[in-house]
Amino acid sequence: GERVSDGYRGERVSDGGSSCVVGVAQLTSTTDIEKNFQEAERLLQVAKERSCAMVFFPETFAFLGESFHQSLKIAEPLDGPLFTRYCDLAKKYSMWVSYGGFQERNPSDPNKLFNTHVIVDSDGKIVSVYRKIHLFDVNYPQEFRESSFTEAGGEVVVAESPAGQLGLSVCYDLRFPELY
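Residues numbered from 1 in each chain as written. Predicted model: local features only at pLDDT ≥ 70, side-chain atom pairs only at ≥ 80, totals over all residues. Heavy atoms only, no water.

J.: Would you mind showing me how to read the overall build of the chain here?
T.: Assigned secondary structure in the chain consists of three helices and eleven strands. In the chain, the order of α-helices and β-strands from amino to carboxyl end is β-β-β-α-β-α-α-β-β-β-β-β-β-β. A compact globule built from 180 residues would reach a C-alpha radius of gyration of about 16 Å, and the chain, at 16 Å, matches this within 12%. Seen along its three principal axes, the alpha-carbon backbone of the chain occupies a region of about 45 × 35 × 30 Å. Scored against the burial criterion, the 180 residues of the chain give a buried share of 43%. Counting only contacts in the chain whose residues sit at least 6 apart along the sequence, the fraction spanning at least 24 positions is 60%. Carbon and sulfur atoms make up 49% of the accessible area of the chain, which amounts to about 9600 Å² in all. (Helix = DSSP H or I, 4+ residues; strand = E, 2+ residues; numbered from the N terminus. Rg over C-alpha atoms; globule rule 2.2 N^0.38 Å. Buried < 20%, exposed > 50% of the residue type's maximum accessible area, 1.4 Å probe, protein only. Contact = heavy atoms within 4.5 Å. Areas by Shrake-Rupley, 256 points an atom, 1.4 Å probe, with all protein chains shown as cover.)

J.: What should I look at first to understand the layout of surface pockets in this one?
T.: In this approach the atoms are scanned with a rolling probe the size of a water molecule, which exposes any empty space left behind. Its volume calculated, the largest pocket comes out at about 400 Å³. In terms of lining, the largest pocket is formed by 23 residues, of which the most central are Thr60, Leu64, Phe144, Glu146 and Phe149. Only α2 (68-74), β5 (96-105) and β6 (113-120) provide two or more residues apiece to the lining of the largest pocket. Split into classes, the residues belonging to the lining of the largest pocket amount to eleven nonpolar, eight polar and four charged. In terms of lining, the second largest pocket is formed by 14 residues, of which the most central are Phe57, Gly100, His117, Ser169 and Val170. Listing elements by their share of the lining of the second largest pocket, those giving two or more residues are β4 (54-59), β5 and β11 (164-167). Per element, the largest residue contribution to the lining of the second largest pocket is four residues, and it comes from β4. (1 Å grid on protein atoms, 1.4 Å probe; cavity = no way out; pocket = protein on both sides within 12 Å on 5 of 7 lines; lining within 4 Å. Points joined across faces, edges and corners; volume = space filled by probe spheres on them. Nonpolar A, V, L, I, M, F, W, Y, C, P; charged D, E, K, R; others polar.)

J.: How should the environment of Phe68 be read in this particular structure?
T.: Mapped onto the elements, Phe68 comes out in helix α2. The class of Phe68 is partly exposed, set by a relative accessible area of 32%. Each C-alpha atom of the pair Phe68 and Phe149 lies 6.5 Å from the other, and the pair is 81 residues apart in sequence.

J.: I tried to follow the environment of Cys20 on my own but got confused; where do I start?
T.: Mapped onto the fold, Cys20 is located in strand β3 (residues 19-25). The exposure class assigned to Cys20 is buried, which follows from its relative accessible area of 10%.

J.: Please clarify how the pairing of strand β10 (residues 158-161) should be interpreted in this entry.
T.: On a regular strand, each side chain points to the face opposite its neighbour's, so the side chains alternate between the two faces of the sheet. Taking every second residue as pointing to the same face, the buried face of β10 carries Ala159 and Ser161, while none of Val158 and Glu160 on the other face is buried. Two strands pair when backbone bridges link them, and β10 and β11 are joined in this way by four bridges, in the antiparallel orientation. Bridging from a neighbouring strand, Ala159 pairs with Leu166 of β11. Counting the residues between successive antiparallel strands, the hairpin from β10 to β11 contains two residues. (Pairing = 2+ DSSP bridges.)

J.: Explain the packing of aromatic side chains here, please?
T.: Between two aromatic rings, the relevant description is the distance of the centres plus the angle of the planes. Applying the stated rule across the entire model yields 15 aromatic pairs. Ring centres 5.0 Å apart and planes at 75° place the aromatic pair Phe37 and Tyr86 in the edge-to-face group. With a gap of 49 residues between them, Phe37 in helix α1 (residues 33-49) and Tyr86 in helix α3 (residues 81-92) connect regions that are remote in the sequence. Like Tyr86, Phe37 is buried. Put simply, the rings of Phe37, Phe57, Phe61, Phe83, Tyr86, Tyr99 and Phe102 touch in pairs and so form one group of aromatic residues. A cation sits over an aromatic face here: Arg85 above Phe37, 3.8 Å from the ring centre. Over the face of the ring belonging to Phe114 we find Arg131, whose NZ or CZ atom lies 5.0 Å from the ring centre. (Phe/Tyr/Trp six-rings, centres within 6.5 Å; stacked < 30°, edge-to-face > 60°. Lys NZ or Arg CZ within 6 Å of the ring centre and 35° of its normal.)

Here it is as structure tokens:
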């Protein structure tokens, strides 16, 4: 695949019958929600110029807090104003987007959020939602308890996309092959 220094990498993928170009976006998210959004839009524009049918964003693409309290504070439902803007980007650039980890408000517990992987189609419609199942709790080299502010999901999700079937996951889920 093509590797460039603008935070984007493109690959042609095939499901055995047809193929398409997909992009993998890399960005350094911060606590500045608007700056993160503008960078995501820039990367989608680059992907569109390179004829991508689908682009994949990483976990915490929209916001990376300095504490879990910040993440809880900005968390919102998937039909909230921020994620709606991300759906609008998929429609604007007419491409499918995998948003790899969004801080989704948990309606049943205001002290926890969901770390949610969302697939949006080229019309800006949410087609698949996966809430991270395996939360990252460690003691070494320092204690970090994702479970202290994140509710685990409970459903394995497979999504159909222009790139083929996708088994959705978020970060640490990768260590659990039964998901795939």
